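Listed below, chain by chain, are the residues.
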Amino acid sequence: MMKRMVGGPGTRSGFFLRLGQCAFGCASIGLMVTAVEFSNFTAFCYLIASMGLQVLWSFGLACLDIYALRRKRDLQNPILVSLFVVGDWVTATLSLAAACSSAGIIVLYAKDLDFCKKHKSIPCHRYQVSVAMAFITWFFTAMSSHVMFWILASV
């Protein structure tokens with residue numbers, strides 16, 4: 001019997017964790033896409049691709065959580081949890097890599113080169129907020145993957 005944990009699959013806390021991942025991922029994408037000239041930076045394009053995958057994964061699992069909560073189904077079987085663990089770890093790794101590479105570009109242009117002060121047309125603040133949303137998304141994903149790992153280990 002698997003241990004029921006806060007944030008596990010098929011629980012309300014798990015649903016809200018997935019909803020947070022989805023919401024902050026969408027916010028990161030929305031802020032970055034509406035910024036001018038984001039496509040000139042490879043790291044920002046990677047951030048959008050990574051957050052897009054994260055949003056799809058999180059939305060799918062949030063829908064699964066809703067189904068489990070409405071039908072009173074238990075999603076904590078070894079095969080499903082192992083799939084959740086792999087998916088969470090992959091999306092968490094991609095999200096962290098994308099957020100860190102984008103943050104590196106922001107620090108380089110905003111702080112080191114003073115590029116943002118010289119070129120007022122570049123929306124550096126919007127880039128910064130988008131990257132911050134990506135880090136929050138990663139934090140929620142890291143929490144979820146940690147919980148899934150411990151649930152799988154309790155089998």
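That block above? That's the structure.
Since we're looking at a predicted model, the values are computed, not measured.

Scoring rules and cut-offs
- The numbers attached to residues start from 1 for each chain and follow its sequence in the written order.
- Totals for whole chains, interfaces and linings use all residues, but because this is a predicted model, local features are given only for residues with pLDDT of at least 70 and pairs of side-chain atoms are given and counted only at 80 or more.
- Side-chain calculation: all heavy atoms of the structure are included, whereas hydrogens and water are not.
- Ring geometry is summarised as follows: Phe, Tyr and Trp rings, the Trp one being its six-membered ring, pair when their centres sit within 6.5 Å, and such pairs are stacked at plane angles under 30 degrees, edge-to-face over 60 and tilted between the two.
- Remark: exposure states derive from per-residue accessible area (1.4 Å probe, protein chains only) relative to the maximum for the residue type, with buried under 20%, exposed over 50%, and partly exposed in between.
- Among buried residues, the Ala, Val, Leu, Ile, Met, Phe, Trp, Tyr and Cys ones that are joined through side-chain atoms within 4.5 Å form a nonpolar core.
- Strands here are runs of E lasting at least two residues and helices are runs of H or I lasting at least four, both read from the DSSP assignment and numbered beginning at the N terminus.
- A pair of sulfur atoms, both from cysteines and within 2.5 Å, is called a disulfide here.

Can you help me understand the packing of aromatic side chains in this one?
Ring pairs (aromatic) are described by centroid distance and by the angle formed between their planes. Per the counting criterion, the structure on display carries 10 aromatic pairs. Here the aromatic rings of Phe149 and Trp150 are separated by 5.7 Å at their centres, their planes lie at 75°, and the arrangement is edge-to-face. Classification of Phe149 by relative accessible area gives partly exposed; the value is 39%. Given the relative accessible area of 43%, Trp150 is considered partly exposed. One aromatic cluster is present, formed by Phe41, Phe44, Tyr109, Phe115 and Tyr127 through successive ring pairs.

Where do I start with the nonpolar core in this structure?
Looking at soluble globular proteins, one finds that nonpolar side chains tend to be buried together. Formed by 18 residues in total, the largest nonpolar core has its most connected members in Met32, Phe38, Phe44, Leu47, Ile106, Tyr127 and Ala134. Elements with a contribution of two residues or more to this core: α2 (42-71), α3 (78-112) and α5 (124-153). Membership of the second largest hydrophobic core comes to 7 residues, among which are Val81, Phe84, Val147 and Ile151.

Looking at this structure, I do not really get the state of the cysteines. What am I missing?
Cysteine pairs can be covalently joined through their sulfur atoms, and such a bond is termed a disulfide. Scanning the model with the defined rule gives 1 disulfide in all. Disulfide pairing is shown between Cys116 and Cys124; the S-S distance is 1.7 Å. Residues Cys116 and Cys124 are joined by a disulfide whose S-S torsion is about -85°; by sign, that bridge is left-handed. The same class applies to Cys116 and to Cys124, which are both buried. The thiol of Cys22 is unpaired, and the distance to the nearest cysteine sulfur, on Cys26, comes to 4.5 Å. In this structure Cys22 comes out as buried when scored by relative accessible area, which is 12%. Sulfur of Cys45: no disulfide; nearest cysteine sulfur belongs to Cys124 and is 16 Å away.

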